[in-house]
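# Architecture at a glance
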Amino acid sequence: MGRYDGKVVLVTGGGSGLGRDMALAFAAEGATACVIGRRQEKLDETVAAIEAAGGSGFGLACDVRDAARVEAVIGEIASRAGGIDVLVNNAAGNFVAPTEQLSPNGFKAVVDIVLLGTFNCTRLAFDALKARRGAILNIIASYAWSGEPGAIHSASAKAGVLAMTRTLAAEWGRYGIRANAIAPGPIHTEGTDKHLWSVGDVEETIRRQIPLGRLGRPADVSRAALFLCSADAEWISGATLAVDGAHWLDGGTLDFRGAFDRLTKAVDG
Ligand code: NAP
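Residues numbered from 1 in each chain as written. Predicted model: local features only at pLDDT ≥ 70, side-chain atom pairs only at ≥ 80, totals over all residues. Heavy atoms only, no water.

Counting buried positions along strand β5 (residues 135–139) yields 5 of 5 residues, so the element is predominantly enclosed. Alternating positions in β5 separate into two faces, Ala135, Leu137 and Ile139 on one and Ile136 and Asn138 on the other, with burial throughout. Bridge count for β5 against strand β6 (residues 178–184) is 5 bridges, and the pairing is parallel. Bridge pairing in β6 links Leu137 to Asn180. (Buried < 20%, exposed > 50% of the residue type's maximum accessible area, 1.4 Å probe, protein only. Helix = DSSP H or I, 4+ residues; strand = E, 2+ residues; numbered from the N terminus. Pairing = 2+ DSSP bridges.)

Structural data, given as structure tokens:
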């Protein structure tokens, strides 16, 4: 018997990294895990891993910036799985760029995925979430409030999603819909290991900033997600849980100024 038996969970960006791990974790607790993202083959890999572990789910290709496609996909999930209980807004894009070198299009690209994409999925899932008194979980980052030199686009967008989380908690509470956020600190994923932590001494520099002495693992975030979206958290809404080993409290912005030259392109984090 799992905590999510009979529930339907939609994870955006579920084809890799934290989204993939959360989809697996929800499915392991009994949920039907629906994953969306742009690359169908990555979604299929997540679904294969869910099924190999005895769970169930499916993946639908979708760009969260495309409201018409989001609407169609949410309709398909509701009809195939019977509804939506949990929406995890996890999809994101990011890259390191000093602000003075960032083009307006580069800024817009990240803001569109993170802020507009989160709005699209949330707004278009409203009817389904209302019907099930569902839960929204937004994956932001501790740099939403600390700022992040080298990622003004992502920091600005995540700060917007933080405001969205609080607004929705206040506005949709009357429908029984909860909205919370997780702010991960630096986490090991395939993407961040390849593009960030392996560059020079970046991992060691960041590790020294983390009071709990290590970078995060996807399971650190997934366990928090399982709690915040469950009945155990039924009176928690509008909250942001930092899952970061107390990184931000120790002055730990993800400050890449010393490595700008080498970190010209990176995925999230
Ligand atoms: P990741 O592996 O790059 O995952 C991002 C996912 O978003 C990908 O599966 C990607 O799939 C999807 N995506 C990107 N653009 C999309 C679009 N337009 N429409 C739909 N899906 C899209 O990153 P991650 O490290 O797991 O990060 C997951 C979340 O945690 C993000 O919100 C990130 O900001 C946050 N976070 C991560 C860290 C960290 O250290 N890893 C730290 C703080 C916050 P496609 O490319 O196939 O679309």
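Right, let's get into helix α10 (residues 218–228). Of all 11 residues in α10, 8 are buried, a share of seventy percent or more. Taken together, the buried positions of α10 are occupied by Pro218, Asp220, Val221, Ser222, Ala224, Ala225, Leu226 and Leu228. Against α1 (17–28), β5, β6 and β7 (240–243) lie the buried residues of α10. (Contact = heavy atoms within 4.5 Å.)

Further remarks concern the packing of α1 against α10. Direction vectors running N to C along α1 and α10 enclose 50°, while the axes themselves pass 9 Å from each other. By the angle between their axes, α1 is oblique relative to α10. Where α1 crosses over α10, the handedness of that crossing is right-handed. Along the contact surface, α1 presents Leu18, Asp21, Met22, Ala25 and Phe26, while α10 presents Pro218, Ala219, Val221, Ser222, Ala225 and Leu226. By residue class, the composition of the contact of α1 with α10 is 9 nonpolar, 1 polar and 1 charged. (Axes fitted to C-alpha atoms, helices over the stretch in contact; angles between N-to-C directions. Parallel < 35°, antiparallel > 145°, perpendicular 65-115°, else oblique. Left-handed = near helix turned anticlockwise from the far one by under 90°. Nonpolar A, V, L, I, M, F, W, Y, C, P; charged D, E, K, R; others polar.)

By nearness alone, 29 residues border the ligand, and Ser16, Leu18, Arg38, Arg39 and Asn90 come closest of all. A distance of 3.4 Å is found between an oxygen atom of the ligand and a backbone nitrogen or oxygen belonging to Ala92. A distance of 2.8 Å separates an oxygen atom of the ligand from a polar atom in the backbone of Ile187. Out of a free accessible area of 880 Å², the ligand has 96% covered by protein chains. For the shell around the ligand, the secondary-structure elements that each account for two or more residues are α1 and α8 (190–197). When its residues are assigned to classes, the shell around the ligand shows 13 nonpolar, 10 polar and 6 charged. (Near = heavy atom within 4 Å. Polar contact = N/O pair within 3.5 Å; in protein donor to acceptor, adjacent residues only side chain to side chain. Areas by Shrake-Rupley, 256 points an atom, 1.4 Å probe, with all protein chains shown as cover.)

Okay, the sheet that holds strand β2 (residues 32–37) next. The parallel open sheet is built from 7 strands, whose spatial order is β3-β2-β1-β4-β5-β6-β7. Edge positions in the open sheet fall to β3 (56–61) and β7, since each of these has one partner strand only. Taking each pair of neighbouring strands and ignoring which way they run, the sheet shows an average axis angle of 20°. Examined bridge by bridge, strand β4 (residues 86–89) and β5 share 4 bridges and lie parallel to one another.

Here we take up unusual backbone geometry. Look at Arg133: it is not a glycine, yet its phi comes out positive at around 45°. By the secondary structure assignment, Arg133 is in the loop between α5 (126–132) and β5. With relative accessibility at 59%, the residue Arg133 sits in the exposed group. Of note, the phi angle at Ala246 is positive, near 70°, even though the residue is not glycine. Counting through the fold element by element, Ala246 comes out in the segment after β7. We classify Ala246 as partly exposed; its relative accessible area is 27%.

This paragraph deals with a nonpolar patch on the surface. A surface patch of nonpolar side chains, amounting to about 310 Å² of accessible area, comprises Trp145, Trp248 and Leu249. Within the element layout of this structure, Trp145 appears in helix α6 (residues 143–146). Take Trp145: its relative accessible area is 33%, and that puts it in the partly exposed class. (Patch = residues over 30% accessible without salt bridge, like charges linked within 9 Å, V, L, I, M, F, W, Y side chains within 5 Å. Salt bridge = Lys/Arg side-chain N within 4 Å of Asp/Glu carboxyl O.)

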